[in-house]
Amino acid sequence: MRLRTHLIFAVALFTIAPALPAAQPSRDDTRESLRKLLETAGKRADVNVAFRQSEKQPYNFVGSMTANLKNAQSLEIVISVTPSDTIGFRVYPHYKGGYINVKKAEDGPGLMHEMLRFGDRNFLFWGTDSTDDIFCGYTVTMESGFPEEAIVIVLRSIRSTDAFTGELRPFIDGSAAVK
């Protein structure tokens, strides 16, 4: 009788216990998958960026897009493998020797307003970091595994940031965009 009671209890516990989630890749595994992808995707003609692991943050990769830009001097790309199973992209346009800073812009409120409007027209979102430097970004989740195709699409879309930087120039320094 005792064996039967334990068996019934075990069956009942098994049927009401939630299924264990499949093992998630570790943050280190994701970083290594991203490293391999960036080595190949960075060589694509429509990306053309050499990525390297950040010396300051081991879960970040950084690169600089410089070719075929008309408005920004470069686009600094920071890609982070986060502790929350996402990969975050931050793209900082460099303009006239540095970052674009809201507080140093000729028309800071106008700059921020235009960046908000971009949210309705852009694939990438726009924001400022803790030092008020502007960036555009994107976040990819790891819900369905490593999102290789999505990452390549984001990398290919970064170049369009240059045209949007041009649209921000009147607010930054009063100049017009280069078309």
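To start, this report covers the structure provided alongside it. (Residues numbered from 1 in each chain as written. Predicted model: local features only at pLDDT ≥ 70, side-chain atom pairs only at ≥ 80, totals over all residues. Heavy atoms only, no water.)

### Considering the packing of aromatic side chains
What counts is decided by this rule: Aromatic rings from Phe, Tyr and Trp, taking only the six-membered ring of Trp, are treated as a pair when their centres fall within 6.5 Å; an angle between ring planes under 30 degrees marks them as stacked, one over 60 as edge-to-face, and anything in between as tilted. Put simply, DSSP H or I for four residues or longer makes a helix, DSSP E for two residues or longer makes a strand, and each gets a number counted from the N terminus. Classification of residues uses two cut-offs on accessible area relative to the type maximum, computed with a 1.4 Å probe and protein chains only: under 20% is buried, over 50% is exposed, and between them is partly exposed. Charge-over-ring contacts are defined here by two conditions on Lys NZ or Arg CZ: a distance within 6 Å of the ring centre and an angle within 35 degrees of the ring normal.
Going through the model one piece at a time under the given rule, you end up with six aromatic pairs. Where Phe-118 meets Phe-164, the ring centres are 5.0 Å apart and the plane angle is 65 degrees; that geometry is what we call edge-to-face. One end of the pair, Phe-118, is in helix H3 (residues 108-118); the other, Phe-164, is in helix H5 (residues 161-172), and 46 residues separate them in sequence. Comparing Phe-118 with Phe-164 shows no difference in burial state: the two are buried. Between Phe-125 and Phe-135, the ring centres sit 6.3 Å apart and the planes meet at 80 degrees, which makes this aromatic pair edge-to-face. With Phe-125 in strand S6 (residues 125-128) and Phe-135 in strand S7 (residues 134-141), this pair connects stretches of sequence that are ten residues apart. Given the relative accessible area of 8%, Phe-135 is considered buried. Joined through ring pairs, the aromatic side chains of Tyr-92, Tyr-99, Phe-125 and Phe-135 make up one cluster. A cation over a ring is seen here: Arg-27 above Tyr-59, with NZ or CZ 3.7 Å from the ring centre. Cation over ring: Arg-31 sits above Tyr-59, and NZ or CZ is 4.5 Å from the ring centre.

### Describing H5
Under the convention used in this document: The contact criterion used is simple: two residues touch if any of their non-hydrogen atoms lie within 4.5 Å.
Among all positions in H5, only Thr-161, Asp-162, Phe-164, Thr-165, Gly-166, Leu-168, Arg-169 and Ile-172 are buried. For H5, the secondary structure elements touched by its buried residues are strand S3 (74-81), strand S4 (86-95), H3, S6, S7 and helix H4 (148-157). Directly beyond the C-terminal end of H5, a positive phi value near 85 degrees is found at Gly-174.

### Looking at the environment of Phe-123
Structurally, Phe-123 is set in the loop between H3 and S6. By relative accessible area, Phe-123 is classed as partly exposed at 41%. Here the alpha-carbon distance between Phe-123 and Ser-160, two residues 37 residues apart in the chain, equals 9.5 Å. Setting aside residues up to four positions removed in sequence, Phe-123 forms contacts with Tyr-138, Ile-153, Val-154 and Ser-157.

### Quick word on the side chain of Thr-165
Structurally, Thr-165 is set in helix H5. Judged by its relative accessible area of 0%, Thr-165 falls in the buried class. The contacts of Thr-165, once residues within four sequence positions are left out, are Asn-71, Ala-72, Pro-93, Ile-100 and Trp-126.

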